[in-house]
Amino acid sequence: MQNTSGKKLSLEFFRNGDVVDIARNLLGKTLYCFVDGQLCGGTIIETEAYRGPEDRGSHAYGGKRTPRNETMYGAGGLVYMYICYGIHDMLNIVTGEEGTSHALLIRAIEPTVGIDVMRIRRGIFDQDTRLCQGPGALAKAMGLTKLHNSILITGEQIWIEDSGISYTDEQIVAGPRVGMNFDGPYKTIPWRFYVKGNKFVSKPHV
DNA sequence: TATAGGATAGGCT
DNA sequence: GCCTATCCTATAG
């Protein structure tokens, strides 16, 4: 087992504050997963916020509640996973108090631990920047699937640590979220955050 | 019960 | 840049 000497983020981190702020604050934190006996991890460098019932882009838009998105209504700190386009698993973290439905999507990390395992899972051996570049790729590299839905982000399988990395406002880009196929203010609201110039950020770049 | 479509990624033109 | 795999989910009938 490799060193993960940072401070594990508590449930309070995800329960207090606005999902948009939390998504932004996660940049620079380290995501770890221990799946199939393999430890993988990396620096979070791209996130998106989905702000509950008001947000047209959210699965919980208008207060919609179905078996798929039920996890979003749980207390902050739960992992919400679902499949997109029938192929890609997406890693989200629920925020806020129980009964609210805010969540953030982790879109990309810069791998630092278990890179060899990620290469095998992804079948990519010559371009490490692609290993976790995009939400579907990230989940695959980390070994995460919808089977991990509704587990805690503070457990033994998946957690986030503060390793002391922080970015200034000038190092963070806030732009429109990816894949918003509808009209209205939430189509372009700048709730996608990423580290400027980082080679591991997913396309499209703003 | 049927069917349209999606918070993507990779390969091809 | 465009195309589509692939399949679960939501929604309508």
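Described below are features of the structure shown in this document. (Residues numbered from 1 in each chain as written. Chains lettered and ligands numbered in written order. Predicted model: local features only at pLDDT ≥ 70, side-chain atom pairs only at ≥ 80, totals over all residues. Heavy atoms only, no water.)

### Some words on helix 4 (residues 135-142)
Among the eight residues that make up helix 4, seven are buried, leaving the element largely enclosed by the rest of the structure. Looking at the buried positions of helix 4, the neighbouring elements they touch are strand 2 (30-35), strand 3 (38-51), strand 4 (79-84), strand 5 (88-95), strand 6 (102-113) and helix 3 (115-122). Looking one or two residues past helix 4, Gly143 carries a phi angle of roughly 80 degrees, positive in sign. (Buried < 20%, exposed > 50% of the residue type's maximum accessible area, 1.4 Å probe, protein only. Helix = DSSP H or I, 4+ residues; strand = E, 2+ residues; numbered from the N terminus. Contact = heavy atoms within 4.5 Å.)

### Things to note about the protein's contact with DNA strand B
Close to DNA strand B lie 21 residues; His88, Asn92, Arg122, Gly134 and Gly136 are nearest. Of what DNA strand B places within 4 Å of the protein, 51% of the atoms are sugar or phosphate. Between His59 and DNA strand B, the recorded distance is 3.2 Å, taken from a side-chain N or O atom to a phosphate oxygen. One of the backbone N or O atoms of Ala137 is found 3.3 Å from a phosphate oxygen in DNA strand B. The residue inventory of the surface near DNA strand B, partitioned by class, reads 10 nonpolar, nine polar and two charged. (Near = heavy atom within 4 Å. Polar contact = N/O pair within 3.5 Å; in protein donor to acceptor, adjacent residues only side chain to side chain. Nonpolar A, V, L, I, M, F, W, Y, C, P; charged D, E, K, R; others polar.)

### Considerations on the protein's contact with DNA strand C
Every residue lining DNA strand C is accounted for by Lys64, Thr66, Pro67, Arg68, Tyr85, Gly86, Ile87 and Lys146. In the model, a base oxygen of DNA strand C is placed 2.6 Å from a nitrogen or oxygen of the Tyr85 main chain. Interatomic distance of 3.4 Å between a backbone N/O atom of Gly86 and a sugar or linking oxygen of DNA strand C.

### Describing unusual backbone geometry
Even without being a glycine, Tyr85 presents a positive backbone phi close to 55 degrees. Secondary-structure assignment places Tyr85 in the loop between strand 4 and strand 5. Residue class for Tyr85 comes out exposed when judged on its relative accessible area of 68%. Positive phi, normally seen in glycine, also occurs at Ser150, with a value near 70 degrees. Relative to the helices and strands, Ser150 resides in the loop between helix 4 and strand 7 (158-162). The class of Ser150 is partly exposed, set by a relative accessible area of 40%.

### Some details on the pairing of strand 5
Across the eight residues that make up strand 5, a large majority, seven, are buried. Here strand 5 pairs with strand 6 via four bridges, running antiparallel. By the bridge assignment, Thr95 is partnered in strand 6 with His102. In this structure, the hairpin formed by strand 5 and strand 6 is closed by a connection of six residues, where Gly96 is found at a positive phi of approximately 85 degrees. (Pairing = 2+ DSSP bridges.)

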